[in-house]
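Understanding the architecture of this molecule
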Amino acid sequence: MKVFGDNTIMPMAIVKGRFWFVVSATFLFWYLLLCFYNSKFTSAKNSLTVLGRNFGHYDNRLEPHNHPVVLPPKTFHENGTLFSEETGDMNNNVTKTESSSTVPRTENWDKPSNTFPIDDNGFASVDRNSASGKVLEPDNNQAQSAIEVRSKGNIDESDKKAVNDTKRLSGENQEGVESDGDSCSGRYIYIHNLPRRFNRDLLKKCRSLSNWTNMCEFTSNSGFGPPLSNSERVYANRGWYSTNQFSLEVIFHNRMKQYECLTNDSSLASAVFVPYYAGLDVARYLWGYNVSMRDSDSLGLVKWLRQKPEWRKMKGRDHFLVAGRITWDFRRLTDEELDWGNKFLFLPESKNMMILTIESSPWHNNDFAIPYPTYFHPSKDGEVFRWQGRMRRQRRPFLFSFAGGQRPNLQDSIRGEIIEQCKASRRKCKLLECHFGSNRCQKPDFVMKMFQSSVFCLQPPGDSSTRRSAFDSILAGCIPVFFHPGSAYIQYLWHLPRNFTKYSVYIPDIDVKKGTVSIEKTLLRIPKQRVAAMREEVIRLIPKVIYAGSKLNTLDDAFDISIKGVLERVSKIRREMEEGKDSSLDYAEELSWKYNFFGTVREHEWDRYFERT
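The name an unreviewed UniProt entry assigns to the chain is Exostosin-like, from the organism Trema orientale. In the Sequence similarities (unreviewed entry) part of its UniProt record, the chain is described as follows: "Belongs to the glycosyltransferase 47 family."

Counting secondary structure elements, the chain contains 18 helices and 14 strands. Of all 613 residues assigned to the chain, the portion counted as buried reaches 48%. Approximately 31,100 Å² of the chain is accessible, and the part contributed by carbon and sulfur atoms is 51%.

Turning our eyes to something else, we now look at the side chain of Arg-284. Turning to its location among the elements, Arg-284 is positioned in the loop between α6 (278-283) and α7 (291-306). A polar contact of 2.6 Å, which involves the side chain of Arg-284, links it to the side chain of Asp-281. At a separation of 3.2 Å, a polar atom in the side chain of Arg-284 contacts the side chain of Asp-297. Ignoring sequence-local partners within four residues, the contact set of Arg-284 consists of Leu-202, Ser-208, Leu-209, Tyr-289 and Asp-297.

Taken together, the side chains of Lys-430, Arg-440, Lys-443 and Lys-449 make up a positively charged region of the molecular surface. Among the secondary structure elements, Arg-440 is positioned in the loop between β11 (429-433) and α12 (444-452).

All right, on to helix α17 (residues 558-579) then. Taking 1.5 Å per residue, 22 residues should reach 32 Å; α17 reaches 32 Å between its end C-alpha atoms and fits that length. Of the positions making up α17, those classed as buried are Ala-558, Phe-559, Asp-560, Ile-561, Ser-562, Ile-563, Gly-565, Val-566, Leu-567, Val-570, Ile-573 and Glu-576. Of the surrounding secondary structure, the elements contacted by the buried residues of α17 are β5 (189-191), α5 (248-258), β6 (271-273), α8 (309-314), β7 (319-326) and β8 (354-359).

By secondary structure assignment, the location of Ser-229 is in the loop between α4 (215-219) and α5. For Ser-229, a relative accessible area of 51% translates into the label exposed. Counting along the chain gives 216 residues from Ser-229 to Asp-445, while the straight-line C-alpha distance between them is 9.2 Å.

Turning our eyes to something else, we now look at the packing of aromatic side chains. On inspection of all chains with the given rule, the structure shows 32 aromatic pairs. Centre to centre, the rings of Phe-471 and Tyr-492 are 4.9 Å apart; their planes meet at 85°, and the pair counts as edge-to-face. With Phe-471 in helix α13 (residues 469-475) and Tyr-492 in the loop between β13 (479-482) and β14 (505-506), the pair connects residues that are 21 residues apart, well separated along the chain. Taken individually, Phe-471 and Tyr-492 each receive the classification buried, so the pair is uniform in this respect.

Right, let's talk about the sheet that holds strand β9 (residues 367-369) for a bit. Spatial strand order, β5-β6-β7-β8-β9: five strands in an open sheet with parallel pairing. Two strands in the sheet have a free side with no partner beyond their single neighbour: β5 and β9. Between one strand and the next, the sheet's axes are offset by a mean angle of 35°, whatever the strand orientation. As paired elements, β8 and β9 share three bridges and run parallel to each other. Counted as the bridge partner of Ile-355 is Asp-367 from β9.

Thresholds, definitions, all that
Residues numbered from 1 in each chain as written. Predicted model: local features only at pLDDT ≥ 70, side-chain atom pairs only at ≥ 80, totals over all residues. Heavy atoms only, no water. UniProt positions renumbered as here; feature names shortened; annotations may be inferred. Helix = DSSP H or I, 4+ residues; strand = E, 2+ residues; numbered from the N terminus. Buried < 20%, exposed > 50% of the residue type's maximum accessible area, 1.4 Å probe, protein only. Areas by Shrake-Rupley, 256 points an atom, 1.4 Å probe, with all protein chains shown as cover. Polar contact = N/O pair within 3.5 Å; in protein donor to acceptor, adjacent residues only side chain to side chain. Contact = heavy atoms within 4.5 Å. Patch = residues over 30% accessible without salt bridge, like charges linked within 9 Å, V, L, I, M, F, W, Y side chains within 5 Å. Salt bridge = Lys/Arg side-chain N within 4 Å of Asp/Glu carboxyl O. Lys, Arg positive; Asp, Glu negative; His and termini not counted. Charge placed at Lys NZ, Arg CZ, Asp CG, Glu CD. Expected span 1.5 Å × (residues − 1). Phe/Tyr/Trp six-rings, centres within 6.5 Å; stacked < 30°, edge-to-face > 60°. Pairing = 2+ DSSP bridges. Axes fitted to C-alpha atoms, helices over the stretch in contact; angles between N-to-C directions.

Written out as structure tokens, the structure is:
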């Protein structure tokens, strides 16, 4: 019993009753409040879902979980980590691209600032449990954007619409889309089904493709060769292979099989691909065989092509093929037994086709240079972004480096002078001298490690004007130094900037030969901010000079850029044929290099490099 102020006494039962009444009322109040807010939330969620459908966020033909995750063009997520295309850095550590005015000054020529914690592989590490931001997870059921072979005549409307929707969601380029929604309009390519002796049989006889190298190893794995071991941690853990510089025909053919706009109906094709392994073919007979043997397969190929209806359509001007050696291996001038190579590129039919080579002729307009294959063949955008980020952070203690041997048999070679200057520069230059009996230059570990530790990489001509080494240096984020305009500038017009000062240094070879220029002093005079901007441009070029293992999501690789170049040129030729014009008549063919690069044939200081003797 309890006594109150008025001397009345309230029974304990009444006290307990009032207590439970308060508890029950409180519970009922919160229950009604929760129900009210839950009703509001459900209504808003349903409204958002309807709104998303109205604006095409979902499509009734594709389940939502099959949709590719579409990110802004400057980002890509892979394995639950957000990367920046601009910087290659991860998750919430993504920063703005360093410009020429914001790159921090460095010591030892190029000491990077490590903004991010680095893991054992040299990549920035991310704490996934950090509260600073949310990690985007990848959609493991992402719909594929490419089909192997398609023909407009054998795809029904629903399939076509599904393919186009998939392309739209994956952000693929839709230039040239017509009213019927065909994203491949103007991009269809037909592949000739050549007799086996022109490609597949060559791979079966791979041991006979070279007198000094077992090409069976290098033609394996779609032309990439075996995976590289990474014991020295020079590479990333995935996407790196021991790729031979002459395996491009196999690599390109396998990528063509994956091209998203193939057709079985040649009447729909904008271009026709000829999968003839011209380089592997001629390499068998370059030493010790007569001219008849060297020419036999190329003569057989053009005879086969002439008989096809696809050839008669434009006399082969819409045909293209890849020859994975330098142009001079296919331009024998005479039928003398001691003259070099075969005469494939001098055949009338070849003059009509587009021949993609790793080095083109400055004096002819039927071959076009595309990059040498490198060791890096990524299968995902994230692998490229990670590598770019790693090269941005890479320490570079050497000002410049050179990998190569002397050419004492070539009178105009400057390699001897370059090697002497490198040795004289002591600690500022790293030299990997290649000579008979040494195999260090044949091992990617030594070459790539040296390039990654250098700010500039010297790229003088060798047996010909171009070098694979130039593309290896770009892959390593090392600024190439050229001594001849034919080493890159007039060659890779589709893949490298016309403004060559953005990504390279040019030192005229005649100045090196005369001893009137110091390479070290020339490079030291370049302001550090400009060096940083050039290196950034080199790193941006990496996707454009590599051949990916498959179509990348947001990046165009060397294959994609080459195909665009082919289609644009064929389109131009077709228009000229319809209008009765021929732009090649505007200049002498031997001035092709000048017209293609400058758009004019006026006198230029580079003329002395391309005088025919």
